[in-house]
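What follows is the residue order along each chain.
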Amino acid sequence: MNKIAEIFQSLDYGPAPESPEPALAWLASKGGKFGHFINGKWTKPGKTFASDNPANGRKLADVTDGSAADVDKAVKAARAAFPAWSALSGYERGKYLYAIARLVQKHSRLFAVLESMDNGKPIRESRDIDIPLVARHFYHHAGWAQHLERELPGMVPYGVCGQIIPWNFPLLMLAWKIAPALAAGNTVVLKPAEFTSLTALLFAEIVERAKLPPGVVNIVTGQGDTGAAIVNHPDVDKIAFTGSTEVGKIIRAATAGSGKGLSLELGGKSPYIVFDDADLDSAIEGLVDAIWFNQGQVCCAGSRLLIQESVEERFIAKLKARMATLRVGDPLDKAVDIGALVAPVQVERIRDLMKRGVAEGGQYYEPDYDLPEGGCFLKPTLVTGVSPSHTLVTEEIFGPVLVAMSFRTPEEAVQLANNSKYGLAATIWTENVNLALDIAPKIKAGVVWVNSTNNFDAAVGFGGYKESGYGREGGKEGMAVYLKPAWEKALKPFAAPKATERGGELDAGGIDQTAKMYIGGKQARPDSGYSRPVYGPGGDIVGEVGDGNRKDIRNAVEAARAALGWGTATAHNRSQILYFLAENLEYRSEEFARRIRAQTGESLASAQKEVTASVERLFAFAGWADKYDGAVHNPPVRMIAVAMVEPIGVMGIVAPPSRPLLGSVALLAPALAMGNPVVLVPSETAPLSVTDLYQVIETSDVPAGVINIVTGPSASLAKTMAEHDGIDAMWFAGDAATSAMVEKASAGNLKQTWTSRGLYYDLSDKAKFEGDYFLRRATQVKNVWVPYGA
Ligand code: NAI
Ligand code: MG
């Protein structure tokens, strides 16, 4: 025992141990061995593996390594439970979610202790952050169950959801997955991560006690293979995954062409930007939470410190002093800041990365104290002397390692911040509200925290830009990824128009015959130097267009990227331009009708209807441009979260073969309205209606590069676009095989995709396609957390 005088000297904490006994007793009551929780029952343990306590290496329990047969059994149970569960009223489902929230709260301490023992995170965090947020998530979604029909009309649940979660926030990630899925009326098969299955198994007991109908929630434990069995199971309708970007890409490729819904919450390398006018002491405390929360094993960890050069020295000195006071130790000690990493393999991974980092010239600092023996402990570490391409700057370390770089101007800060394949989160510290709100929109990330960090709430969407994934968890956006339009299930296969005999005279329908590409606001000859004929219904040649190839797509993408400013033009401005396009198209409607007729052979009246519908569609999205906007959330802290609807970036669009004009306009209009520059491949068989648009575009004040048009073979141009890293999202309307290819190839940079999968989407249907169906797919939501409140 320290003497009082000594304590006054050191002002050190004594130990404040939390007892492991209740958690150990619960494990013992289960015989220390677990099967799966399937159809409301516990299966007999099969082949098992151990779940260890990473703070001391001791085994906590054995859990079953789920086989494909186990997964199949769970999916069958979920399928059988789906009709009744989805048919319950929202109120009834909400009551179950409420019951779960209450039960989690009642047993919160047991959950917190078990979580800390299985994962290694400090009890202070599991007790005060993880578990309260779990309860909050179920409460919040109880309300969503009830209000869904009003807030998201016409939407139905997917069916069976396969959910695969990581080990860094075991129970919290479970809650983020299960709560919205159940609220929407889905049933679930969830696999916890192999290092941390135990709180998911305790949660299964809560499910039992809340008397959920059997099969609504199934928990199958296992490793990567078990996860893959869920992903590949043909009767799973939607996959939700949180974990590494590497596995996220594998899952994207594996689900391509399956029609499964997919949401991915992946890795990050989030910038933590400190300007010279920031309250530096607060910024230091924020930084401690940003990078040493949960030992740095946080997807949105502020792991890249960007510090303004004028305060760099002072800030780094303060930081080192603060690092020296961070206490690393027993996760069950309430006075510990940093616990154990999840497993020895993660410690090794981080050590290997550090070795590479040092070899590449990084210098590192760690406080001078001893670590506890025998567990997965690492010191808080600061790396300096690195450049933007350094491994430790580009790679997600997923440990207590911060890399620091300096910047001079706000512009440079933005450049450095965005210089990453990831885009999950960002933090901005400055006392200047103008500066903060100037920087926030420029950062490519799904979450931005101003003068705060690592805030989460069930009402506020969380998720990434770029290779940090897509879909959101929390809030209305989070509900939307567990629902689909009711009409989708009635879609029928698309029957391609009958091929006509080829050959004959050139009949352009009375209009100019040499159509070029349209790139960067100029007409451009095809790189190939070849043209391809366009046939009329009788097989006669009615015109020629350029035969586009990968070089044309590259040029078009380059032009589109140079036009990304379209997304920051005011919505009013975009709206005016779309109205102008509509007006100028209408002015020439007769000419366009004749051209449609020349290509399809339909009556002039029917062709005229297509032109009129296209004008109306442009009008509709001109109207949407300044109305499809965000929300302000009120999380239970003194902050607001401003949900901004932002464009995704450059979009590649391949229009369907049918409806030469409307097929392109119906996809182009929402993409443009939301601020995305587009590379458009018009109908392969009837492209002339779009090549005729050039003059309309030119007379409508559309900035150069905002619309780029490449004619040619749809499938091969789609492939080039899907593989192009300069394209951020892609829509493909056409056959099933090419749709699958587009989805698979999109895994490269994880572009968001919409494909028609060989089904017939009647794009003239205003009820379906004049509203949020494509608007949602043309946007991503950024949540900006700002201090607010009395
Ligand atoms: P991981 O991505 O392999 O594991 C996450 C989950 O996916 C686990 O439940 C795992 O069993 C499952 N899984 C693995 N392979 C699968 C497959 N082929 N199909 C379906 N499911 C599969 O992550 P891991 O190996 O645990 O950690 C490695 C690194 O990944 C970490 O060091 C970190 O950099 C990153 N990571 C990032 C996370 C984030 O939230 N951003 C979370 C976990 C890991
Ligand atoms: Mg463990």
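Use the structure listed above.
Residues numbered from 1 in each chain as written. Chains lettered and ligands numbered in written order. Predicted model: local features only at pLDDT ≥ 70, side-chain atom pairs only at ≥ 80, totals over all residues. Heavy atoms only, no water.

(A) Main features of the sheet that holds strand β23 (residues 514-515). Pairing within the open sheet is mixed, and its 3 strands lie in the order β23-β27-β26. Every other strand in the sheet has two partners, leaving β23 and β26 (531-535) as the edge strands with one partner each. Of the pairings in the sheet, the one linking β23 to strand β27 (residues 541-546) comprises 2 bridges and is parallel in character. By the bridge assignment for β27, Ala515 is matched with Val545. (Pairing = 2+ DSSP bridges. Helix = DSSP H or I, 4+ residues; strand = E, 2+ residues; numbered from the N terminus.)

(B) Representation of the site of ligand 1. Inspection of the region around ligand 1 gives 26 residues, with Trp167, Glu194, Ser244, Gln346 and Arg349 positioned closest. A distance of 2.6 Å separates an oxygen atom of ligand 1 from a polar side-chain atom of Ser244. When ligand 1 is considered free in solution it has 800 Å² of accessible area, and contact with the protein chains removes 87% of it. Those elements giving two or more residues to the shell around ligand 1 turn out to be α9 (224-232), β10 (238-242), α10 (245-255) and α13 (344-359). The element best represented in the shell around ligand 1 is α9, accounting for 3 residues. Looking at the shell around ligand 1, its residues break down into 13 nonpolar, 9 polar and 4 charged. (Near = heavy atom within 4 Å. Polar contact = N/O pair within 3.5 Å; in protein donor to acceptor, adjacent residues only side chain to side chain. Areas by Shrake-Rupley, 256 points an atom, 1.4 Å probe, with all protein chains shown as cover. Nonpolar A, V, L, I, M, F, W, Y, C, P; charged D, E, K, R; others polar.)

(C) Fine view of the pattern of salt bridges. Counted according to the given criterion, the structure contains 38 salt bridges. Between Asp72 and Lys76 there is a salt bridge, with its nearest N and O atoms 2.6 Å apart. Here Asp72 and its partner Lys76 are both found in helix α3 (residues 68-87), 4 residues apart, which amounts to about one turn of the helix. Accessibility expressed as a relative area gives 26% for Asp72, which makes it partly exposed. Note that Asp772 is salt-bridged to Arg776, the shortest N-O span being 3.0 Å. Here Asp772 pairs with Arg776, and both are found in helix α28 (residues 772-777), just 4 residues apart, close to one helical turn. (Salt bridge = Lys/Arg side-chain N within 4 Å of Asp/Glu carboxyl O. Buried < 20%, exposed > 50% of the residue type's maximum accessible area, 1.4 Å probe, protein only.)

(D) Representation of the packing of aromatic side chains in the model. Taken as a whole and judged by the stated rule, the model has 29 aromatic pairs. A centroid spacing of 5.6 Å and a plane angle of 25 degrees characterise the contact between Phe138 and Phe203, whose relative ring orientation is stacked. Of the two residues, Phe138 sits in helix α6 (residues 123-151) while Phe203 sits in helix α8 (residues 198-209), which places them 65 residues apart along the sequence. The exposure class of Phe138 is buried, given its relative accessible area of 0%. Exposure remark for Phe203: the relative accessible area of 0% places this residue in the buried category. With a centroid separation of 6.2 Å and an interplanar angle of 90 degrees, the aromatic rings of Trp624 and Tyr628 are classed as edge-to-face. Judged by its relative accessible area of 28%, Trp624 falls in the partly exposed class. Counting every residue linked through ring pairs, the aromatic cluster contains Trp487, Trp731, Trp754, Tyr761, Phe769, Tyr773 and Phe774. In this structure, Lys238 packs its charged tip against the face of Tyr158, placed 5.7 Å from the ring centre. (Phe/Tyr/Trp six-rings, centres within 6.5 Å; stacked < 30°, edge-to-face > 60°. Lys NZ or Arg CZ within 6 Å of the ring centre and 35° of its normal.)

(E) How the structure looks around the side chain of Asp70. Following the sequence through the fold, Asp70 ends up in helix α3. It turns out Asp70 is buried and unbridged, and the closest side chain with the opposite charge, Lys73, is 6.3 Å from it. Leaving out residues up to four positions away in the same chain, Asp70 has contacts with His36, Ile38, Thr64, Asp65 and Val220. (Lys, Arg positive; Asp, Glu negative; His and termini not counted. Contact = heavy atoms within 4.5 Å.)

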